[in-house]
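Each chain is listed here by its residues.
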There are 2 protein chains.
Amino acid sequence: MAMQKKQQNFRQHLVRSGLKATRQRELIARAFFATNTHISAEALYRRVSGRDRRIGLVTVYRTLKLLKEAGLAHERQFGEGRALFEHASSERHHDHMICTHCGKIVEFENCEIEALQEEVARKLGFTIQYHKLELYGRCKECRADASGGTGRIRVVGAR
Amino acid sequence: MAMQKKQQNFRQHLVRSGLKATRQRELIARAFFATNTHISAEALYRRVSGRDRRIGLVTVYRTLKLLKEAGLAHERQFGEGRALFEHASSERHHDHMICTHCGKIVEFENCEIEALQEEVARKLGFTIQYHKLELYGRCKECRADASGGTGRIRVVGAR
DNA sequence: ATTGAAAGTGAAAGTGATTGTCAGTATCAT
DNA sequence: ATGATACTGACAATCACTTTCACTTTCAAT
Ligand SMILES: [Mn+2]
Ligand SMILES: [Mn+2]
Ligand SMILES: [Zn+2]
Ligand SMILES: [Zn+2]
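What you are looking at is a predicted structure, and each value in this text was computed from that prediction instead of being measured. (Residues numbered from 1 in each chain as written. Chains lettered and ligands numbered in written order. Predicted model: local features only at pLDDT ≥ 70, side-chain atom pairs only at ≥ 80, totals over all residues. Heavy atoms only, no water.)

Q: Explain the coordination of the manganese ion (ligand 2) to me, please; I cannot follow it from the model alone.
A: Under perfect tetrahedral coordination by four donors, a metal shows angles of 109.5 degrees; under perfect octahedral coordination by six donors, it shows angles of 90 or 180 degrees. Residue and element names in this part refer to chain B. Each protein donor to the manganese ion (ligand 2) is listed here as His38 (NE2), Glu86 (OE), Glu86 (OE), His94 (NE2), His96 (NE2) and Glu107 (OE); together their distances run 2.1 to 2.4 Å. Given 6 donor atoms and angles of 56 to 171 degrees at the metal, the environment of the manganese ion (ligand 2) is assigned as irregular. All donors of the manganese ion (ligand 2) come from a single chain, and their spacing in sequence reads H-x47-E-x7-H-x1-H-x10-E. In this pair, His96 sits in strand β4 (residues 95-99) while Glu107 sits in strand β5 (residues 105-108), placing the two residues 11 residues apart along the sequence. Glu107 matches His96 in its accessibility class, with the two residues each being buried. (Donors = N, O, S within 2.8 Å, 3.2 Å for Na, K, Ca; no water. Tetrahedral: all angles 85-135°; square planar, octahedral: opposite > 155°, others 65-115°. Helix = DSSP H or I, 4+ residues; strand = E, 2+ residues; numbered from the N terminus. Buried < 20%, exposed > 50% of the residue type's maximum accessible area, 1.4 Å probe, protein only.)

Listed below in structure tokens is the structure:
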């Protein structure tokens, strides 16, 4: 989905919810849509702050909340510390592998795991609403040596 | 592993680390080993507090940290809010399914999922150090109806 | 049993990410 | 243009811990 389209969606959500389209919200949403990483509220604030010094961190938090409500952003909590936000829009569900050394975040999808999760839940008498699967370890670069192959990966992370 | 044995292990860890065996640590560890749930520091504090009013919440936190270092406790962070602790000792690795309605926690093991995780990591060029798999949904009781079967489950949760 | 260096304790203050409050400001349907 | 309603930023508050600090307790060496 193009940035323009996302911005449009956001405005629609605001109108439908009886909210107002403010200069701050425009700026923050634009800056968010311009990213393609997992970004913290603080980091997004720093970016927006560069364009307009008068914007507050609090408003960034509030706008990210609105973006979540609009279904345009996902909030992730990797380990402890600050939350990271990423685009939700059209992208399919995915899980994350995080390097404990350099913080690199790699996204992956695995239908087999998803199917097995459903099976586990069914056996336990549960209905899954959502899940959290995070693999933590060392990436190729963060091990002294070098070896192993890859597939279709997206390296997407920034604090 | 029996409670006595665990208490013994804890004392050994203290001695090896040049730490002291205090009345408070004995009491807190005993109370922890007496649980078989996922328990918060606060909840454990309330239990110990019943036996000895003079013990502080801070010391409970400190002792839980020691128990982790001794390899006798695991700390879990389900969703947001306070951490829950459980015995580590002999029990094998397991993951969790959590009811978003009543908070019930059910443990499960699934070798196939574990194997697939390793495969994913290998393809991405990572070496897994640890992982987090949590399924969130509604349990049988928390859906209006009743149906479905189970396997070997342990329902283990308490805040 | 005594001693004293090192570690431990509880109370209270601090932390850090996020959320709530509030008085002044901006938006937008009319 | 206008006014009801929503929004904003600064600041305070929250929440789950963690740190600090002025005493206590432990325990190896007497
Ligand atoms: Mn992602
Ligand atoms: Mn468990
Ligand atoms: Zn790395
Ligand atoms: Zn339930």
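Q: What exactly am I supposed to notice about the packing of aromatic side chains here?
A: Residue and element names in this part refer to chain B. Tallying each qualifying case throughout the model produces 4 aromatic pairs over all chains. Between Phe32 and Phe33, the aromatic rings sit 5.7 Å apart at their centres with planes inclined by 55 degrees, giving tilted as the arrangement. When sorted by exposure, Phe32 lands in the same class as Phe33, which is buried. (Phe/Tyr/Trp six-rings, centres within 6.5 Å; stacked < 30°, edge-to-face > 60°.)

Q: Please clarify how the packing of helix α3 (residues 41-51) of chain A against helix α4 (residues 57-69) of chain A should be interpreted in this entry.
A: Two numbers describe a pair of packed helices, the interaxial angle and the distance between the axes. Residue and element names in this part refer to chain A. Packing of α3 against α4 leaves a shortest axis separation of 9 Å and a crossing angle of 115 degrees. Helix-helix and strand crossings are classified by hand; for α3 and α4 the assignment is right-handed. Two secondary-structure elements touch here, α3 through Ala41, Glu42, Leu44 and Tyr45 and α4 through Leu57, Val60, Tyr61 and Leu64. Taken together, the residues of the contact of α3 with α4 sort by class into 7 nonpolar, no polar and 1 charged. (Axes fitted to C-alpha atoms, helices over the stretch in contact; angles between N-to-C directions. Left-handed = near helix turned anticlockwise from the far one by under 90°. Contact = heavy atoms within 4.5 Å. Nonpolar A, V, L, I, M, F, W, Y, C, P; charged D, E, K, R; others polar.)

Q: Please explain the coordination of the zinc ion (ligand 3) as it appears in this structure.
A: Residue and element names in this part refer to chain A. Coordination of the zinc ion (ligand 3) by the protein involves Cys99 (SG), Cys102 (SG), Cys139 (SG) and Cys142 (SG), with metal-donor separations of 2.2 to 2.4 Å. Each of the 4 donor atoms bound to the zinc ion (ligand 3) contributes to angles spanning 99 to 118 degrees, and the resulting shape is tetrahedral. In terms of primary sequence, the donors binding the zinc ion (ligand 3) are separated according to C-x2-C-x36-C-x2-C. Here Cys139 lies in the loop between β6 (127-138) and β7 (154-155) and Cys102 lies in the loop between β4 (95-99) and β5 (105-108), a separation of 37 residues in the sequence.

Q: What am I meant to see in the protein's contact with DNA strand D here?
A: Neighbouring DNA strand D are 20 residues, the closest being A:Lys20, A:Arg25, A:Thr59, A:Arg62 and B:Tyr61. Sugar and phosphate atoms represent 76% of those atoms of DNA strand D found within 4 Å of the protein. For DNA strand D, a base oxygen lies 2.9 Å from a polar atom in the side chain of B:Lys20. Elements that contribute at least two residues to the surface near DNA strand D include exactly α2 (23-33) and α4 of chain A together with α4 (57-69) of chain B. Partitioned by chemical class, the residues of the surface near DNA strand D number 7 nonpolar, 6 polar and 7 charged. (Near = heavy atom within 4 Å. Polar contact = N/O pair within 3.5 Å; in protein donor to acceptor, adjacent residues only side chain to side chain.)

Q: What's the story with the pairing of β4(A) in this structure? I'm lost.
A: Every other side chain in a regular strand lies on the same face of the sheet, so the side chains alternate between the two faces. Residues and elements named next belong to chain A. For β4, the tally of buried residues reaches 5 of 5 residues, placing the bulk of the element in the interior. Of the two faces of β4, the one holding Asp95, Met97 and Cys99 and the one holding His96 and Ile98 are both buried throughout. Both β4 and β5 contribute to a ladder of 4 bridges, which runs antiparallel. Among the inter-strand pairings, His96 is bridged to a residue of β5, identified as Glu107. Between β4 and β5, which pair antiparallel and follow one another directly, the connecting turn spans 5 residues, one of which, Gly103, has a positive phi of 80 degrees. When β4 meets β6, the two strands line up parallel, connected through 4 bridges. Considered in β6, the bridge of His96 is made with Glu134. (Pairing = 2+ DSSP bridges.)

Q: Whenever I open this one, the side chain of B:His131 confuses me. Can you help?
A: Within the secondary structure, B:His131 sits in strand β6 (residues 127-138). The class for B:His131 is buried, based on a relative accessible area of 16%. Polar contacts involving the side chain of B:His131 include one to the side chain of B:His93, which spans 3.1 Å. In this view, B:His131 contacts A:Glu134, A:Leu135, B:His93, B:Asp95, B:Glu114 and B:Gln117; residues no more than four positions away in its chain are not counted.

Q: Would you mind going over the sheet that holds strand β2 (residues 73-76) of chain B with me for this structure?
A: Sheet strands pair by backbone hydrogen bonding; their relative direction is either parallel or antiparallel. Residues and elements named next belong to chain B. Pairing in this open sheet of 3 strands is antiparallel, and the strands run β1-β3-β2 from one edge to the other. Strands at the two margins of the open sheet, each flanked by one partner only, are β1 (39-40) and β2. Where β1 lies against strand β3 (residues 84-87), 2 bridges are found, and the strand directions are antiparallel. When the bridges of β3 are listed, Ile39 appears paired with Phe85. The strands touched by helix α2 (residues 23-33) are β1, β2 and β3; relative to β3, the strand with the most contacts, the crossing angle is about 80 degrees.

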